[in-house]
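Residue-level structure breakdown
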Amino acid sequence: MAFTLFLFISSFVFVLHAQQRTIRGSVVDERSEPMIGATVMVNGTQNGTITDMDGNFTIQAQTGDVLRVFYVGYTESLVTIDGKSEKKIILKENTEMIDEVVVVGYGTQKKSDVTGAMVSIGDKELSARPVSNAFEAMQGKAAGVDIRTSDRPGEMGDVFIRGTRSLTASSSPLYVVDGVPLNGTVGKTPEEDLNGLSNSRGGVLESLNPSDIESVEILKDASATAIYGSRGANGVVLITTKKGKDGRFTVNYSGSVSIDEIKDRTTWMSAGEYLEWRRWAYYYRDSSVYPRGDQPTQANDKAIFNGDNDPYAWKNIMKGWSGGTWDGSKVSTTDWTKYVTQTGITTEHTVSGSGGNEKNQSYVSFGWLNNKGTIKGQDYNRYTAKVSNDLKLTNWLSLGATVNATYSIQNYGMSNDGGTTSGPNSAYAAATRNLVYAVPYDDEGNRIEYPGADSKIKTVVDEWQYSKDERKVFRALGSFYAQFNLGKIWKPLEGLSYKVNFGPDFRYYRRGMFNDAESVNREGVNYASLTKSTDFSWTLDNLLYYNKSIGKHDFGFTLLQTATQYEYESNYMAAEGIPLSSSLWNALSTTNISALKSWDSSLTEKQLLSYMGRINYTYNGRYMLTASVRRDGASQLAEGYKWSTFPSVALGWRIDQEEFLKELPWISQLKLRLGYGVTGNSAIAPYSTKGAIASLFYPFGSSPTAGYVGYESQLADGAITLANQKLGWEKTKQWNLGLDFGFLNGRVSGIFDIYTSHTSDLLMLQSIPSLTGYMATYNNIGETKNFGYDLTLNLVPIKTRDLEWNIGLNAAYTKNEIVSLANGKQDDISNGWFIGESVNVIYDYESAGIWKEEDAAEMAKFNANGHNFQVGMSRPADQNDDYKIDANDDRKIIGHTDPRWTLGIGSNITYKGWELGIQLYGRMDYTYNTGGVWVGGRYNVRSYDYYNENNKNAEYQKPIFDEGGKDAYYYVLGFKNGSYLKIRNISLGYTFPGKMLKGTGLSNLKLYAQCKNPGMVFSHIDFIDMDTYSNTYNSGLTFGLNVTF
Amino acid sequence: MLAGSLTLPVITSCSDFLDEKLTTDQNTEYFDTDEGVESLMTGIYYNLRYHFAFEWGFSTTNYGTDEFIVGGDGSNAMWNSYISSLSSDIPVVNINTTHAYDVWDNMYAGIATANTLIKKCETYTGSKKNEALGTAHFIRGFNYFKLLRQYGGVPIKLEPSTSVELEFTRATSQEVMDQVIADLLEAYAKLPETESVEGKLTQSAAAHFLAKAYLWRASEINDSWNASTQSADLDNVIKYASEVITDHPLATNFHELWAYTTPDGSNEKLSEVVLAAQFTSADATQGKYGNPQHLYFLNIYRDLPGMARDISGGREYQRLRTSYYTYNVFNHLNDSRLWKSFRTKFNCTKASTTGTNDTYVAGDRGLMFILNQPGDNRFAEIWNKESVKDAETGKLVPTTFAIYPSGSNETSNPMEGDTYLKYYAPLSKYMDGSRKTVSQEQGYRDGILARSAEDYLFIAEAYIRKGEYTEALKYITPLRTRAQWKAGEDRANYIDGGGAWNENALGWSVYTAVAGKGTYCNRNSYYESNNVAAGTLNSQASVLTVTDITSIANLPAEDRSVCEKLGVSSAYDVAMCFLLNEKTREMCGEFVRWEDLARTQTLVKRAKAFNKDAAPNIQSYHSLRPIPQTYLDIIQKEGKALTADEKKAQQNPGY
């Protein structure tokens, strides 16, 4: 920071040495408010300054010089110096915000010329509230972009653009940072990248500091994404990081602190409720042995609650018997979650410096994010550094370099690696399994290892000390370019330039995991594993640009040749019985461990080679045409199937520029867009056409003998798919019709897009009959279609000098449908795919509630056909009324699981320096499988409406203590409407007026507070947070500060 | 310079750049090489381990029979109780639930490998062609035989697939039977007579399963079509099984089979073992499951006073509870197999436990099961807390369960009530103390697929079917003779695989530090159960002689009781009843029971009589398993998915 300040001061020194006349002046806006920080430059020189707190400036200039005065969001003003030494300059607000320049694939475009469907989110929106990754800031702000939430520190939710269209291939968009498309960044971890065909997380964004992001552009329709060809089908996210700006030197600090608490939507049973519930569970297991739940006996309690084996839990239960008769409210309830939760504190600091002149622009920043999670043992530290420099060496050559580097340490929290397969996977989940009537400590204060004496329920107390899963990631993303303006070298080439762009991406990943013998998922012996991997990829673009205007005709041509290579290597080792616990995973050596439990190393490589040509044509600023064609060749496809072509064409018509509309003052903008494009989905894992085989060791006697087979389910890696040499890209053809509009001087504006897409050659993991020797194969078969519309609407109901109210609404509807499958119009029940239905559906028995006493006669008819129904059990619907529940006749489509609607609503009121905002987010019209309530009666359970002799009209079936679950269809009671609308945050900010900052050395100071996840507007499922897809969510307060010097 | 920068970074040769090189693994082309064929011949053995992997094995063979009922954990209870969820699409209780398709899919995976191996042998030029073909035909025949035993007729596929195939239809039982015998005959002709290394397939293995297949074809389940082959088949049973008997003499003492003390120890190398799926302690050989059978038969002991779970005692999955039929079918006094197959004494593991009358330290007896007789009035309760003395130590045992407490009778099955479901004397044939940790599921013991004792029973059954009862008895007697106590044999001596938890075991160092001693106890409750003074019978030999198996009156009491309960009377039925009882005594829990009962059409009767969970639900159609819904949903007929009616037509009746 000291260095940045030095640069900042020296720039003034540089200005002062000119020996000319002093011109004084002030810069104000249309309301005569002084403008702070506006740039004033003598045109054609390096001589410039910035206005102070009162909008005043002084500059050395000669008569006849032209002063260039500019400020972001305002129209530049040119003032010629005459005899006067005082100048008052008024800058007009640039109302035509649509004419900002936006980033499109392989270049930039004036927003008014854009013909595709896209969303652009700028620096201002990204920094409006403190977030640890950029997608969090975008949630609910971009129509058609569904961003899921993850509460684990350092993790991001899934991202879907315009829903899903693929059956098994990834629905993850392509991420492009500073022009470099990223490879292998789909998953959170490299392992997920490789095996996660369906993974859709926005892996790169969490490693970028949101403060370093200038803008995020999301290309939604195929006419825009087709220039990314085989990787464009799921949309493209273009991230542009900040660069230095000509003329202004600033130092910015932003910091925030957030305090979060974990909240649980599920209400768990109290000890008294649980004890009664479990008694009922026994009663319904065998009413001849066990008393009714509401008629307990001490003897029975002692037997069913393991009284002999955990005297402390029994002592607690006996409190309920202290009065002679049972009183459940006297039993104390242990809240196990308090042993694993903590107040989450996140602090974030970013210091950045930026500035430059015509020849040289720089941006540097350093950021630190420290996130202590709301669950003990989970935290995340991220250090980000960014350096960007652009040099204009001559009038024909520019060079530039940007490096984004991140180092992060994530403590993932409790791990169930190397544990039992059914063990809990988070400390919170483990805590909610601990029995509420049992107690954590014995009389001596030692923790009770199995509270309640159930060997499957180990105590969660101190778990955070016993289970560690630490992940370190170093990532460096670079973008280096050289641009040759060939027209400046040789006049006839005017308009032609050549750019070479090199983008390396390096990631180092280290995961160390240690579960002590005492941890929940281990019994008696510890376990450690160490994974290290690196992935390196590079992209090399050669680009030729040619721009030419002939009269009213404007042409732009782009030619691209690009190559990408990706290489991933990893190694892994794991061992049990590490002698010294404190050594964690750091001493898996031959001196400590007699043998490793498991080990692995691997190498994966893939390459992509592409050519692309594009033409942009505009006639008279009104009619636009964009056409492109891209050809991609990919290494992971078999010979003869490697290459594919992806064309696109789009038309735009700026209706507002037509004479007949210029008369209508209430129309400020109207543009119609029509686009068509073909894109691909490249999510085919390397080597999947090679016909892998499974290697194994079979021990003849004691000697392990190496062997191979095609498929073996008993091996961890043995579930191999039938190789398909003909595998190719999945292709999507999409039509998009869009309208950009602005009325009443911008009071009403928005974008409406309607689209329909057709995806063919679907990449499917298709189940096949096991008679073939395989269970599945990847195949290009079938078609789906997608239809939807995205609406973004911005309203400004109030706009006065001091008060402004903005409402932003975005809504997206998307509906996908399977058109055909492997065998034409044939349903594929075993894969759950049905013609004319959504891609993801629940196909199962329908619930008819529970069996009631009055249904006894009906029930008897079922039982005569071999069923074992009882009153109080769940009742699947008998679709064909034959009194037999049969998989052939009685299963049906219960509902689709992808939300049809995603909705974001934002409201923002500013009054003078104050700013009050609220954001709502929701998903609607879909079915979610909550799984019902498990009938086992062994673990803790949420407080729910269950059948018993006193509650015969219950929502859920009667509990039966039986691990086998006599009530086989209980889960059909769990299919629920998943719709919800959630208040994402409420924020309040204050920006100090310039006058107050006078004399402080600050040019801008903003303070804000934000409340995250304060509540739900509505949700049909009250025990799951449908935003996090878990019962828990984080809620808290953030305080932040943003200072510019 | 400009030209240089233009051309330099351009990748010119696209053909090289896009080549995909897989350097780290073999691919299917490997099987076209001689080396690849030989590696496939090794790899195919892995499929044999399926019968011991996970819970599939016992749920499809031991559940739903007379020998076992569900213990404290019912993850696979539908396989025992035949409730309606035992259907083509079994609702999953938890991840342990055996699906309708598990046997199906895994058998076809092995068949597909065999088909590939047979195909690749056409171009194989090495010296192991006969062995490769023999192995492939054995696995194919063996797997089709398993499918037949579970599902009846199934689709027959004899060529490897290189692309998706969807059109399949079920063959008849007869056609599958013919295929099984053809493959096994081919294997018999090609396989070597003796094994080059432990665990390899031999001619004897083929002979054993040929005998079993001929016997299957001649059995009641095929009565509608087997008349023409029956007589010749029975002769073939005798022929092939006799060869196995000659080549694979019985172990001298029944307990040698189960005396597992270390991975790949002497019990796995006995001549009696004809074929065993191989498992060992090397991590690379474990796969997902290893041999986890040590888990499933065990009773709960860890929550009883003085006891804690340990490696020698095993992890108690309590899936299979020993039934009263099983306790009672043995002669408790004279048949040593009862005491060599079931565990009745457990040691305390806790350093010190204070009881009401005494203090118990690790190594004291902590738990005892009294396998007594109805009418025995020595025990006031089922659960006797510190009131029964260990006959040898003289110390009271904290927990003693008596299967017949005072006042109970033969029909009351007092411990089958809910309270005691998790407490029973467990089958101990698979216990594995050689594992590293108590929670480790992957065990190291070999899984026996064929031992020559069963061949004696094959021959005996063939003679019974021929009506030559005296001849039949000649092949039962050797097993019963071996089961007699020898003079001088310590009848309270006890051995199980828990004994592999010793100073050489992988888990020894971890657990000695914790508890000092395990629950493993090398004594049994023979004397306490039989109410005989400790040690007094050790000097004598016992007698288990049977002279006539055709009349109930001449049968031993334990068999008479079963026959009476089943209501059998004809010579043939009585003899078969005796034979099936004998098979329990000899091979209880060895993954053959359900199939034997289904084959002989005695399943419904025996399950109704002895399995309280199955009794209310079982019907005759339960002798075949439901065809998996996954198969019915995926196959096609003339390019079209099957209609509901077409699917039902391919389903076994009743499901």
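Keep in mind it's a predicted model, so treat the numbers as computed, not measured.

Rules used in this analysis
Residues numbered from 1 in each chain as written. Chains lettered and ligands numbered in written order. Predicted model: local features only at pLDDT ≥ 70, side-chain atom pairs only at ≥ 80, totals over all residues. Heavy atoms only, no water. Contact = heavy atoms within 4.5 Å. Buried area = accessible area lost by both parts, 1.4 Å probe. Salt bridge = Lys/Arg side-chain N within 4 Å of Asp/Glu carboxyl O. Polar contact = N/O pair within 3.5 Å; in protein donor to acceptor, adjacent residues only side chain to side chain. Pairing = 2+ DSSP bridges. Helix = DSSP H or I, 4+ residues; strand = E, 2+ residues; numbered from the N terminus. pLDDT = per-residue confidence, 0-100. Buried < 20%, exposed > 50% of the residue type's maximum accessible area, 1.4 Å probe, protein only. Axes fitted to C-alpha atoms, helices over the stretch in contact; angles between N-to-C directions. Parallel < 35°, antiparallel > 145°, perpendicular 65-115°, else oblique. Left-handed = near helix turned anticlockwise from the far one by under 90°. Nonpolar A, V, L, I, M, F, W, Y, C, P; charged D, E, K, R; others polar. Disulfide = S-S within 2.5 Å.

Points about the interface of chain B and chain A
Interfaces are often described in size by the accessible area the parts lose on coming together. On the side of chain A, 101 residues touch chain B, which itself brings 110 residues to the contact. Across the chain B to chain A interface the summed buried area is about 8,700 Å²; carbon plus sulfur atoms make up 58%. When the buried surface of chain B facing chain A is broken down by residue, Leu18(B), Glu20(B) and Tyr46(B) rank first, second and third, together holding 9% of it. For the interface between chain B and chain A, the tally reads three salt bridges. The shortest N-O distance in the salt bridge between Arg891(A) and Asp89(B) comes to 3.9 Å. Seen at the junction of chain B and chain A, the total is 23 residue pairs in polar contact (both at pLDDT 80 or more).

A short note on the pairing of strand β31 (residues 703-709) of chain A
Residue and element names in this part refer to chain A. Of the strand pairs in this sheet, strand β30 (residues 694-700) and β31 are connected by seven bridges, and their pairing is antiparallel. The residue of β31 that forms the bridge with Ser695 is Tyr708. Hairpin connection between β30 and β31: a loop of two residues separates the two successive antiparallel strands, and Gly701 in this loop has a positive phi of roughly 65°.

Quick notes on the confidence of the model for chain A
All names here are of chain A. Of the residues in chain A, 93% reach a pLDDT of 70 or more, and the chain-wide mean stands at 86. Note that residues 1-18 has pLDDT below 50 and, in this model, 14 contacts with residues that lie over four places away or in other chains. Confidence over residues 185-202 falls short of pLDDT 50; this stretch has 69 contacts with residues more than four positions distant or in other chains.

Details of the sheet that holds strand β13 (residues 174-177) of chain A
The mixed open sheet is built from five strands, whose spatial order is β10-β15-β16-β13-β14 (chain A). Looking along the sheet, the strands with just one partner apiece sit at the ends: β10 (118-122) and β14 (180-181) of chain A.

What about unusual backbone geometry?
Excluding glycine, residues mostly have negative phi values, and the peptide bonds linking residues are mostly trans. Residues and elements named next belong to chain A. With a phi angle near 55°, Asp881 is a residue other than glycine that sits in the positive phi range. Of note, Asp881 is situated in the loop between β40 (874-876) and β41 (891-896). Of the residues examined, Asp881 reaches a relative accessible area of 59% and is grouped as exposed. One non-glycine residue with positive phi stands out, namely Lys912, at about 50°.

So, the confidence of the model for chain B
When pLDDT is averaged along chain B, the result is 93, and 97% of the positions lie at 70 or above. Note on residues 1-9 of chain B: pLDDT is under 50 here. Beyond four places in sequence and across chains, it has twelve contacts.

Looking at the packing of helix α8 (residues 173-190) of chain B against helix α9 (residues 203-217) of chain B
Residues and elements named next belong to chain B. Closest axis-to-axis distance for the α8/α9 pair is 9 Å, and the angle between their directions is 160°. It follows that α8 is roughly antiparallel to α9 by the angle criterion. The element α8 and its partner α9 pack so that their crossing is left-handed. Here Met177, Asp178, Val180, Ile181, Leu184, Leu185, Ala187 and Tyr188 of α8 come into contact with α9, specifically with Gln203, Ala206, Ala207, Phe209, Leu210, Ala213, Tyr214, Trp216 and Arg217. Here the contact of α8 with α9 is built from residues that sort into 14 nonpolar, one polar and two charged.

As for the sheet that holds strand β5 (residues 66-70) of chain A
Residue and element names in this part refer to chain A. In space, the four strands of this open sheet follow the order β3-β2-β5-β6, with antiparallel pairing throughout. Every interior strand has two partners, whereas the edge strands, β3 (48-50) and β6 (77-80), have only one. Strand after strand, the sheet turns through a mean of 20° between neighbouring axes, direction not considered. As defined by bridge partners, strand β2 (residues 39-42) adjoins β3 across three bridges and the pair is classed as antiparallel. Within β3, the residue paired with Thr39 across the bridge is Ile50.

Quick look at the state of the cysteines
A covalent bond between the sulfur atoms of two cysteines is referred to as a disulfide. Residue and element names in this part refer to chain B. For the structure shown, the criterion picks out zero disulfides over all chains. Free cysteine: Cys577, not disulfide-bonded; nearest cysteine sulfur from Cys563 at 3.2 Å. For Cys577, a relative accessible area of 4% translates into the label buried.

Some thoughts on the pairing of strand β26 (residues 598-619) of chain A
All names here are of chain A. Summarising the sheet, strand β25 (residues 553-576) and β26 pair through 22 bridges and their orientation is antiparallel. Within the sheet, the bridge partner assigned to Glu569 lies in β26 and is Leu603. Pairing of β26 with strand β27 (residues 623-634), which is carried by twelve bridges, proceeds in the antiparallel orientation. Residue pairing for β27: Tyr611 is matched across the bridge by Arg631.

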